[in-house]
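Observations on chain architecture
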Amino acid sequence: MIDDRPHVLHSKYDVVVAGGGPAGLGAAMAARTAGAERVLVVDREAEAGGILLQCIHSGFGLHHLGEELTGPEYAQRILQSALDDGVDVLTNAYLLDIDNDQNLKLLSTDHGLSILDTRATVLAMGARERTRAAIRIPGGRPAGIFTAGAAQRLVNLNGVLPGRRVVILGSGDIGLIMARRLAMEGVEVAGVFELMPHANGLSRNIVQCVHDFDVPLHLSTTVVEIHGRNRIDKVTVAPVDDHLKPILSKAWDVPCDTLLVSVGLIPENELSRELRLRLDPTTSGPIVSSTMETSRDGVFACGNVVHIHDLVDFVSAEAELAGGHAGRFASGIRPPHDNVRLQPGANVAYCVPHTVTTDQPHTVYLRVRKPLEKSMLRLRDSEGAVVHERRLRYVVPAEMVTLKLRPGVLDGFQGDSLLVEVVAR
Amino acid sequence: MTDHDATTFSYLCIGCPLGCRLEVDEDDHGDIIEIRGSGCRKGDRYAKQEHADPRRNVTTTVAISGGLWPRLPVKTSSEIPKDQVLAACEALRQVRVQAPVKMGDVVVDDLLGTGCSVVATRHMPAIT
Ligand SMILES: Cc1cc2nc3c(=O)[nH]c(=O)nc-3n(C[C@H](O)[C@H](O)[C@H](O)COP(=O)(O)OP(=O)(O)OC[C@H]3O[C@@H](n4cnc5c(N)ncnc54)[C@H](O)[C@@H]3O)c2cc1C
Ligand code: SF4
């Protein structure tokens, strides 16, 4: 994306960042701003930028940069700023391990196996797509089954079309965006099938990706069988009942040569698991403090590796926080420990960060379990007393809710944990 | 108002997650009589625009030789009429450019006579 500069690999760094997507690049810049001298970003791909490089549609940066950019434009902007800020970027480089003394094991095309000594590390490895739903569908495993993200990479980077007639399972934004992308490339999209009674994507994507291209969208319907010997030749789909069980008597066949599965992302947590970081079972990402520090001292995390963000703008904001604290950690500055644990209560799937302090401003990100029209976000203490509340207009699981806590808000709060709930007004 | 000479069109508002279902009644001169269903004023504005002159930005790729990847992502510099989107994609499938290309470089000058240009959305250095 930007011409490679000759690269020297040092043996000592203040901050090393694993992953060169918006989270990693943002964290690296913030670490520089916070005073870290030597900051290195490593990415296993041939170029930095992360998933944004394949997201060629626009819709990035409205909050953070104040204009609407495509994914590659956003990536290139932040990569350029990171290089201008004196951040080192090493691509084709895979972070393998971090030991207890912050020695990093790195495997790279340019330098082979290297051991780096760092004062602080930021994990920003992003997310991968869930494949579980695809695995569970009965039938053979012929060629022609892709995750939507893999197909996106094929089409937008490699210039290869996955097939001529495509069925998409899942109506999240990635699935919807791929429906449009394939229709634009002259591929027939036989339908988008969604298990739930509502589409999971933004209404903007329903209009501009599905309606605009006359793609049939079948709600409360799922793929129940995959057919084909070498290549997939059809799928059987069926409507589901109120308990999401397929009604097989109403099933029908849809001829196709390709099935795209788009059923959500999950943090890339192989490394986090290897490091034995404490993980949140709901997000599948590490548990983090209000400084985005994981359960291991000096190891910070941000972006999709912590929890799945729908907007890159929030990734960038979180990265700034994580990188800033990593930079200060490298110069020996540690803020006092958090004193309040946040616990998900009614209709809240998770909150990030997992702990906060009462005397600092915080932004808490959370996701609800069920859509609610007129709702109230409440923080309760362990006795059930309401400590803080805010009206919310409309909440859906597909959209992250942000809660800004100003220092005054938790004044006078004595306990050590707060229950976060989003309930009907 | 007599009901039988009004035609109703429906739209889904994209202004916020509420996704209001909007209905536009049009008389037989093609003028809007009434807009229903909006939860706020943004919805009325959106319905008017979508009804009278729907437009879209197009983001797609063109072929590129001599770069790291064989495709170059591009976008229209402004919105084009919605009914020209597919023709635009078709036209852009015939385009091939040569690396190096810089973000913002014009790839097509006047797309299908819309007066709108198509620009690269990333650098693609030449691979040596
Ligand atoms: C299809 C799709 C559409 C989207 N659409 C929008 C949109 O319209 N608007 C919007 O605002 N947001 C959108 N998003 C969300 C946004 O793009 C992501 O939230 C954001 O890119 C996440 O950034 P990240 O840096 O955490 O992860 P990523 O961008 O995934 O970057 C992670 C990087 O880490 C590298 N890596 C992983 N493991 C290692 C390792 N062990 N060693 C070295 N490197 C490693 C990977 O190669 C990758 O480059 C979309 C996301 C997807 C997938
Ligand atoms: S009309 Fe207003 S409230 Fe309804 S979806 Fe549009 S912007 Fe949201």
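Reading the values: the criteria
- Residues numbered from 1 in each chain as written.
- Chains lettered and ligands numbered in written order.
- Predicted model: local features only at pLDDT ≥ 70, side-chain atom pairs only at ≥ 80, totals over all residues.
- Heavy atoms only, no water.
- Phe/Tyr/Trp six-rings, centres within 6.5 Å; stacked < 30°, edge-to-face > 60°.
- Helix = DSSP H or I, 4+ residues; strand = E, 2+ residues; numbered from the N terminus.
- Buried < 20%, exposed > 50% of the residue type's maximum accessible area, 1.4 Å probe, protein only.
- Contact = heavy atoms within 4.5 Å.
- Buried area = accessible area lost by both parts, 1.4 Å probe.
- Salt bridge = Lys/Arg side-chain N within 4 Å of Asp/Glu carboxyl O.
- Polar contact = N/O pair within 3.5 Å; in protein donor to acceptor, adjacent residues only side chain to side chain.
- Nonpolar A, V, L, I, M, F, W, Y, C, P; charged D, E, K, R; others polar.
- Pairing = 2+ DSSP bridges.
- Near = heavy atom within 4 Å.
- Domains from an automatic or database assignment.

Structural notes on the packing of aromatic side chains
Residue and element names in this part refer to chain A. Under the counting rule described, the total for this entry stands at three aromatic pairs over all chains. Between the aromatic rings of Phe300 and Phe329, the centroid separation amounts to 5.9 Å while the plane-to-plane angle is 75 degrees, which identifies the pairing as edge-to-face. Within this pair, whereas Phe300 is found in strand E19 (residues 299–301), its partner Phe329 is found in helix H8 (residues 312–330), the two being separated by 29 residues in sequence. In this pair, the class of Phe300 matches that of Phe329, namely buried.

Looking at the interface of chain B and chain A
Taken together, the contact between chain B and chain A spans 29 residues of the former and 34 residues of the latter. Taken together, the two surfaces of chain B and chain A that pack against each other cover about 2900 Å², and 59% of this comes from carbon and sulfur. Counting across the chain B and chain A interface gives four salt bridges. Of the charged contacts, one joins Asp212 of chain A and Lys82 of chain B as a salt bridge, the two residues approaching to 3.6 Å between their closest N and O atoms. Linking chain B with chain A are 10 residue pairs in polar contact (both at pLDDT 80 or more), by the criterion used here. Looking at the side of chain B that touches chain A residue by residue, the class counts come to 17 nonpolar, six polar and six charged.

A closer look at the sheet that holds strand E27 (residues 417–424) of chain A
Strands pair in a sheet through their backbones, by hydrogen bonds, and they do so in one of two ways: parallel or antiparallel. Residue and element names in this part refer to chain A. Read across the open sheet, the five strands follow the order E22-E20-E27-E24-E25; overall the sheet is mixed. Each having just a single partner strand, strand E22 (355–356) and strand E25 (386–392) make up the two edges of the open sheet. Pairing analysis gives six bridges linking strand E24 (residues 375–380) to E25, with the strands arranged antiparallel. From the neighbouring strand, Arg378 faces E25, where its bridge partner is Glu389.

What about the site of ligand 2?
Neighbouring ligand 2 are Arg393 of chain A together with Cys13, Gly15, Cys16, Leu18, Gly19, Cys20, Ser38, Gly39, Cys40, Lys42 and Gly43 of chain B. Those residues lying near ligand 2 are distributed over chains A and B.

Overview of the side chain of Asn347 of chain A
Residue and element names in this part refer to chain A. Structurally, Asn347 can be placed in the loop between strand E20 (340–344) and strand E21 (348–352). You can call Asn347 buried: its relative accessible area is 18%. Within polar-contact distance, the side chain of Asn347 engages the backbone nitrogen of Lys370 at 2.8 Å. A distance of 3.4 Å separates a polar atom in the side chain of Asn347 from the backbone oxygen of Val422. With residues up to four places along the chain from it excluded, the contact list for Asn347 reads Arg367, Val368, Arg369, Lys370, Leu372 and Val422.

Side note on the domain arrangement of chain B
Looking at the assigned domains, one finds that chain B contains domain 1 (3–52) and domain 2 (59–120). Computed over C-alpha atoms only, the centres of domain 1 of chain B and domain 2 of chain B are separated by 32 Å.

Section: the pattern of salt bridges
All names here are of chain A. For the coordinates displayed, the defined rule picks out 26 salt bridges over all chains. Taking the shortest distance from any N to any O, the salt bridge between Arg44 and Glu268 comes out at 3.5 Å. Of this pair, Arg44 sits in the loop between strand E2 (39–42) and strand E3 (58–60) while Glu268 sits in the loop between strand E18 (265–267) and helix H7 (270–274); the two residues are 224 residues apart in sequence, bridging distant segments of the chain. Under the relative-accessibility criterion, Glu268 is labelled buried at 9%. Of the charged contacts, one joins Arg334 and Asp297 as a salt bridge, the two residues approaching to 3.8 Å between their closest N and O atoms. Of this pair, Arg334 sits in the loop between H8 and E20 while Asp297 is found in the loop between H7 and E19, placing the two residues 37 residues apart along the sequence. With a relative accessible area of 36%, Arg334 lands in the partly exposed category.

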